[in-house]
Amino acid sequence: MPEPSSPRLAVDRLSHVYPTAEGALQVLENISFTVQPQEFVCVVGPSGCGKSTLLKLLAGLFPPSEGTLFFEGAPLAGPSRRIGLVFQKANLMPWRTALANVRLPLELAGVPAADADARAQAALLRVGLAGFEHSLPRDLSGGMEQRVALARALAQDPDLLLLDEPFGALDALNRERLGAELLRLWEARRITVVMVTHSIPEALLLSDRVLALTPRPGQVRLALDVPLPRPRRLEMEHSPEFGELARRLRAAIS
Ligand SMILES: Nc1ncnc2c1ncn2[C@@H]1O[C@H](COP(=O)(O)OP(=O)(O)OP(=O)(O)O)[C@@H](O)[C@H]1O
Ligand SMILES: [Mg+2]
């Protein structure tokens, strides 16, 4: 009999407290969930409830105050090349071209130059930036910069992709367009994603499951399965099923 597939990520009773000048600030409390390979999970919740902190913990940037994190069956001990992280701001090196920005982590990982170039080119193509390889960040729009940041994470071929409001700084139209592109990208080659977003429609359109957190300290108030059929389309937002899921999510975070 085949083994049941083990989760890519298992979060068990995770809590986090920041020491501050005013004393201990508890931001996350008793968070448990798992993410299966090829699953797309979104995290929504009120501002300041600890979403970015949760993502940084999942990236191994620092250890949680309590609880455990398992990545591919082993305790997560620190940052891993197999985990890609994209923040709200692209954080590109201003003096490097788009291609050179995408290539940088590969260079640091010791990938031979020709290989790194080919992988960076392919990643830029996947995010729709063919022809902009040699542009500097200052010559790119905000949406294009975010695509470069996404390409930089994709080029590393991560087993887990963490996205922290990757379209948060964009205007509504650009945001919708990039959301639709991410959806296509993901449906073509399913990678395991955990994405933080403020947008309920974006979460429902993209994900298999949405975790709704309470105000700080963030706890999981609702883990909502999204049984909408794939491939998904923007028009699905107008279906009664979508509306009902949105209503449940809104109720959970209001
Ligand atoms: N390094 C830190 N030291 C102390 N407090 C911090 C630190 N980072 C975040 N905080 C505080 O922890 C709380 C949660 O922050 P976090 O950035 O995780 O929230 P968030 O849910 O991502 O918010 P937003 O939706 O606004 O992005 C906030 O009150 C924030 O001020
Ligand atoms: Mg945040």
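Worth saying up front: this structure is predicted, and the values here are computed from it rather than measured.

Chemist: How should I be thinking about the overall build of the protein in this particular structure?
Modeler: Along the protein, the regular secondary structure elements total 7 helices and 10 strands. In terms of overall size, the protein behaves like a compact globule, its C-alpha atoms giving a radius of gyration of 18 Å where 254 residues would be expected to give roughly 18 Å. The principal-axis extents of the C-alpha atoms in the protein amount to approximately 55 × 45 × 45 Å. Relative to its 254 residues, the protein shows a buried fraction of 37%. In the protein, 69% of the contacts between residues at least 6 apart in sequence involve partners at least 24 apart.

Chemist: Hey, could you run me through the pairing of strand E6 (residues 83-86) in this one?
Modeler: In the case of a regular strand, side chains alternate between the two sheet surfaces. Residue alternation in E6 divides its side chains into two sets, Ile83 and Leu85 and Gly84 and Val86, and both sets are buried. As judged from the 4 bridges shared by E6 and strand E7 (residues 160-164), these two strands associate in the parallel manner. Of the residues in E7, the one forming a bridge with Val86 is Leu163.

Chemist: What should I look at first to understand the nonpolar core in this one?
Modeler: General note: in soluble globular proteins, nonpolar side chains tend to be found buried as a group. One finds Val102, Leu124, Val148, Ala151, Leu162, Val194 and Val210 to be the most contacted residues of the largest nonpolar core, which totals 69 residues. Each of domain 1 (1-72 + 159-222) and domain 2 (89-157) contributes no fewer than three residues to this core. Setting aside residues up to four positions removed in sequence, Leu162 forms contacts with Leu55, Leu58, Ala59, Ile83, Gly84, Leu85 and Val194.

Chemist: I'm lost on the sheet that holds strand E9 (residues 209-213) in this one. Help?
Modeler: In any sheet, the strands associate via hydrogen bonds between backbone groups, in a parallel or an antiparallel arrangement. The mixed open sheet is built from 6 strands, whose spatial order is E6-E7-E8-E3-E9-E10. Where the open sheet ends on each side, the last strands, each with one partner, are E6 and strand E10 (220-225). Taking the axes of each pair of neighbouring strands and ignoring which way they run, one obtains an average angle of 15 degrees across the sheet. This element, helix H1 (residues 51-58), spans strand E3 (40-44), E7, strand E8 (193-196) and E9 of the sheet and lies at about 155 degrees to E8. Docked against the sheet, helix H4 (residues 142-155) engages E6 and E7, running at close to 175 degrees with respect to E6.

Chemist: Help me understand the site of ligand 1, please; the structure alone is not making it clear to me.
Modeler: As a matter of local geometry, ligand 1 sits amid 13 residues, with Tyr18, Ser47, Lys51, Ser52 and Thr53 nearest to it. Listing elements by their share of the shell around ligand 1, those giving two or more residues are strand E1 (9-20), strand E2 (23-35) and H1. No other element matches H1, which puts 3 residues into the shell around ligand 1. The residue inventory of the shell around ligand 1, partitioned by class, reads 4 nonpolar, 7 polar and 2 charged.

Chemist: Explain the domain arrangement of the protein to me, please; I cannot follow it from the model alone.
Modeler: Reports of interface size often rely on the accessible area that becomes lost once the parts have come together. Partitioning the protein into structural domains gives domain 1 (1-72 + 159-222) and domain 2 (89-157). Between the C-alpha centres of domain 1 and domain 2 there is a distance of 24 Å. Taken together, the contacts link 9 residues of domain 1 with 8 residues of domain 2. The class makeup of the residues in the side of domain 1 that touches domain 2 is 7 nonpolar, 1 polar and 1 charged.

The rules behind these values
- Residues numbered from 1 in each chain as written.
- Chains lettered and ligands numbered in written order.
- Predicted model: local features only at pLDDT ≥ 70, side-chain atom pairs only at ≥ 80, totals over all residues.
- Helix = DSSP H or I, 4+ residues; strand = E, 2+ residues; numbered from the N terminus.
- Rg over C-alpha atoms; globule rule 2.2 N^0.38 Å.
- Buried ≥ 20, exposed ≤ 12 C-beta atoms within 10 Å, placed from the backbone.
- Contact = placed C-beta atoms within 7 Å.
- Pairing = 2+ DSSP bridges.
- Core = buried A, V, L, I, M, F, W, Y, C linked by C-beta atoms within 7 Å.
- Domains from an automatic or database assignment.
- Axes fitted to C-alpha atoms, helices over the stretch in contact; angles between N-to-C directions.
- Near = placed C-beta within 6 Å.
- Nonpolar A, V, L, I, M, F, W, Y, C, P; charged D, E, K, R; others polar.

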